[in-house]
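Here is what each chain is made of, one letter per residue.
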Amino acid sequence: MMASSVLPRTRFSPKVLRTEILAGLVVALALIPEAISFSIIAGVDPRVGLFASFTMAVTISIVGGRKAMISAATGAVALVVAPLVREHGVEYLVAAVLLGGALQVVLGLVGVARLMRFLPRMVMVGFVNALAILIFTAQLPYLVGVPWQVYALLAAGLAIMVGLPRLTRAVPAPLVAIVVLTAFTIAAGVAVPTVGDQGALPDSLPVLGLPAVPLTFGTLAIIGPSAVAMALVGLIESLMTAKLVDDITETHSDKTRESWGQGVANIVTGLFGGMGGCAMIGQTMINVKSGARTRLSTFLAGTFLLVLVVVLGPVVAQIPMAALVGVMVMVAVGTFDWHSVRPATLKRMPRSETTVMVATVAVTVATHNLAYGVGVGVLVAMVLFARRVAHLVDVTGVLDAEGTTKTYRVTGQLFFASSNDLVFRFDYANDPPHVVVDLSAAHVWDASTVASLDAITTRYEAHGTTVEIVGMNKNSAARHASLAGHLSGAHG
């Protein structure tokens, strides 16, 4: 009873409350240009992306499984839905968001989050590094063809964010940089690109409603592919971001709840006419690095975002883009796993591991699609792992003193990659009348191995040799007993 009564006071002490509020404010400011940019990518009005960011953040703060993680409109989802908007319009986009959210709820409830355990560490490292690169490159358009004052403001903002934490951490350095640079540009009358130049900010609240599309199979055929892609991309990015925050904060989160929570958030977003979204690695890093650890910062990020763009739109519109670009550059630098690319690390790391990381980064950066990058990374890791394990299988033959029995001892993991050439490891023509295949140091994993064992037996029988397979563990024996003699092509 004492612990439960003390914990709430500790969690929301004045110091913690100040940290959560300030972190939420910084995130809200950083969300504005991102949401507008992603709206442009998706081909919709900036209001659609801004409202989506508000509803996603507020909803996920309640139903999500990872505290302090930020969900909003994202570039990954924008890229997926852009063709749908271009060909069929915003109403079909909203319908796809609703369907995608429902699919995420179903996938979450059936346990898709458990698949995260199959993600190799180097895929995760590649994911983080690719995100850092994408976050950085996304800022470059704001630095091309601009007045020289933009570069001076960017340098000043970076100096504040690097230097201030060495003096005090009472106030988030990104927030100080944004306020100082905005005040300076207004007071000095410096003409540089601002948030207001990125698109119109909304001046009213979002309205609840359903998309105006016919409820037919034709509509389902149109929105189905985009909804599935959005659901999968959103879950992959959200679950990997949650795992990253787990590692940084040394805490555990409920990935299953996060999965269906993302679905609920997208459904709510769709009902308010938003473009959908998922977890945002950049804004999440801003939130976590600012010291936020609870749901309050996520809730306030969404709430502040709505207040800023609806109530304080004219003020927010005057924030120089250089200030927000500086924030995101610092996020990119802090997100990148520099240890993974140090010469000493690369020299010590097996080439296969480095290959997995590079493949993940290369595909993600080339396609701007995290799902593709993670998918290719996992595939490369699986192929290299199978190749490595396949070479660990060994077959040694020993002839007994009488010369009537030869025992082959098989060592290693037997599956499709390692057992396909197993049939060529025996001397069928010259072996004695009795052969024993000892599998006590091996494990039979699949039908390919059983088929190879059948082929070995068949070839020996053709030479008049009897074969005895011994030593299988319980699992291997059960698989062999179930499949032996029933696989087509086993006698090739």
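Conventions and cut-offs
Residues numbered from 1 in each chain as written. Predicted model: local features only at pLDDT ≥ 70, side-chain atom pairs only at ≥ 80, totals over all residues. Heavy atoms only, no water. 1 Å grid on protein atoms, 1.4 Å probe; cavity = no way out; pocket = protein on both sides within 12 Å on 5 of 7 lines; lining within 4 Å. Points joined across faces, edges and corners; volume = space filled by probe spheres on them. Helix = DSSP H or I, 4+ residues; strand = E, 2+ residues; numbered from the N terminus. Nonpolar A, V, L, I, M, F, W, Y, C, P; charged D, E, K, R; others polar. Pairing = 2+ DSSP bridges. Axes fitted to C-alpha atoms, helices over the stretch in contact; angles between N-to-C directions. Contact = heavy atoms within 4.5 Å. Expected span 1.5 Å × (residues − 1). Buried < 20%, exposed > 50% of the residue type's maximum accessible area, 1.4 Å probe, protein only. Phe/Tyr/Trp six-rings, centres within 6.5 Å; stacked < 30°, edge-to-face > 60°. pLDDT = per-residue confidence, 0-100. Salt bridge = Lys/Arg side-chain N within 4 Å of Asp/Glu carboxyl O. Core = buried A, V, L, I, M, F, W, Y, C linked by side-chain atoms within 4.5 Å. Parallel < 35°, antiparallel > 145°, perpendicular 65-115°, else oblique. Left-handed = near helix turned anticlockwise from the far one by under 90°.

Peer 1: So, empty space enclosed by the protein: which residues are in play, and what are the values?
Peer 2: Scanning all chains against the criterion turns up 1 cavity of 30 Å³ or more. Of the pockets and cavities examined, the largest cavity occupies roughly 30 Å³. Lining the largest cavity are Pro33, Glu34, Gln139, Tyr142, Met321, Leu324, Val325 and Met328. Elements that contribute at least two residues to the lining of the largest cavity include exactly helix H2 (14-42) and helix H14 (321-335). A per-element tally of the lining of the largest cavity places H14 first, with 4 residues. Tallied by class, residues from the lining of the largest cavity come to 6 nonpolar, 1 polar and 1 charged.

Peer 1: Got a sec to walk through the sheet that holds strand S4 (residues 405-414)? Specific residues and values, please.
Peer 2: Sheet architecture is open: 4 strands sit in the order S3-S4-S5-S6, paired in mixed fashion. Looking at strand neighbours, the two that pair on one side only are strand S3 (394-399) and strand S6 (466-470), the edges of this open sheet. Taking each pair of neighbouring strands and ignoring which way they run, the sheet shows an average axis angle of 20 degrees. As paired elements, S3 and S4 share 6 bridges and run antiparallel to each other. Residue pairing across strands places Val395 opposite Val410, the latter belonging to S4. Most of the contacts of helix H20 (residues 474-483) go to strand S5 (residues 434-444), to which it runs at about 120 degrees, and overall it touches S5 and S6.

Peer 1: Account for helix H16 (residues 351-367), with residues named and values stated.
Peer 2: In a regular helix each residue adds 1.5 Å, so 17 residues correspond to 24 Å; H16 covers 24 Å between its end C-alpha atoms and thus fits that length. Residues of H16 that are buried: Ser352, Thr354, Val356, Met357, Ala359, Thr360, Val361 and Thr364. Packed against the buried residues of H16 are helix H6 (121-137), helix H15 (343-348) and helix H17 (370-390). Positive phi shows up at His368, right after H16, with a value of about 60 degrees.

Peer 1: Residues and numbers for the environment of Met161, please.
Peer 2: Positionally, Met161 belongs in helix H7 (residues 148-167). Residues Met161 and Pro120, spaced 41 residues apart in sequence, show a C-alpha to C-alpha distance of 33 Å. With residues up to four places along the chain from it excluded, the contact list for Met161 reads Ala173, Pro174, Ala177, Gly326, Val327 and Met330.

Peer 1: Describe the packing of aromatic side chains, and please don't skip the residues or the numbers.
Peer 2: Summed over the entire model, instances satisfying the criterion amount to 6 aromatic pairs. With centroids separated by 4.6 Å and ring planes inclined at 45 degrees, the aromatic side chains of Phe336 and Trp338 adopt a geometry described as tilted. Classification of Phe336 as buried rests on a relative accessible area of 16%. Cluster of aromatic residues (ring-pair linked, three or more members): Tyr408, Phe426, Tyr428 and Tyr460.

Peer 1: Hey, could you go over the confidence of the model for the protein chain for me, with residue numbers and the actual values?
Peer 2: Mean pLDDT over the protein chain stands at 88; residues scoring 70 or higher make up 97%. When the criterion is pLDDT under 50, residues 1-10 qualifies, and its contacts beyond four places in sequence or with other chains add up to 1 contact.

Peer 1: Break down the pattern of salt bridges for me, with residues and values.
Peer 2: Enumeration over the complete set of coordinates arrives at 7 salt bridges. The residue Arg66 makes a salt bridge to Asp246 at a minimum N-O spacing of 2.5 Å. Of this pair, Arg66 sits in the loop between helix H3 (46-63) and strand S1 (71-72) while Asp246 sits in helix H9 (residues 217-249); the two residues are 180 residues apart in sequence, bridging distant segments of the chain. Side by side, Arg66 and Asp246 carry an identical accessibility label, which is buried. In this structure, the salt-bridge partner of Lys255 is Asp246, at a minimum N-O distance of 2.4 Å. Here Asp246 falls in the buried class, since its relative accessible area comes to 8%. By sharing partners, the salt bridges in this structure join Arg66, Asp246 and Lys255 into a single network.

Peer 1: An account of the nonpolar core is needed here, citing residue identities and associated values.
Peer 2: Ranked by internal contacts, the top residues of the largest apolar core, which has 96 residues, are Ile32 and Met275. Ranked by residue count, the leading element in this core is H2, at 12 residues. In this structure Ile32 touches Leu50, Val195, Leu201, Leu305, Leu308, Val309 and Val316, once residues within four positions along its chain are discounted.

Peer 1: Residues and numbers for the packing of H16 against H17, please.
Peer 2: Angle between the axes and distance between the axes are the two parameters that describe a pair of packed helices. Running from N to C, H16 and H17 cross one another at 160 degrees; their axes reach a closest spacing of 7 Å. It follows that H16 is roughly antiparallel to H17 by the angle criterion. Crossing of H16 against H17: the hand is right-handed. Counted together, Ser352, Glu353, Thr355, Val356, Ala359, Thr360, Val363, Thr364 and Thr367 of H16 and Leu370, Tyr372, Gly373, Val374, Val376, Gly377, Val380, Ala381, Leu384 and Arg388 of H17 form the full contact between these two elements. Considered class by class, the residues forming the contact of H16 with H17 number 10 nonpolar, 7 polar and 2 charged.

Peer 1: I'd like a description of the side chain of Thr298, backed by residues and values.
Peer 2: Following the sequence through the fold, Thr298 ends up in helix H12 (residues 295-310). On the accessibility criterion, Thr298 (1% relative accessible area) is buried. With sequence-adjacent residues up to four places away left out, Thr298 is seen in contact with Ala57, Ile60, Ser61, Ala68, Met69, Ile70 and Asn287.

Peer 1: So what about helix H5 (residues 90-109)? Which residues, and what values?
Peer 2: Along its 20 residues, H5 runs 29 Å from first to last C-alpha, staying within 8% of the 28 Å computed at 1.5 Å per residue. Within the sequence span of H5, burial applies to Tyr92, Leu93, Val94, Ala95, Ala96, Val97, Leu98, Gly100, Gly101, Gln104, Val105 and Gly108. Contacts made by the buried residues of H5 are with helix H4 (75-88), H9 and helix H10 (255-271). Immediately beyond the C-terminal end of H5, within one or two residues, lies Gly111, with a positive phi of roughly 95 degrees.

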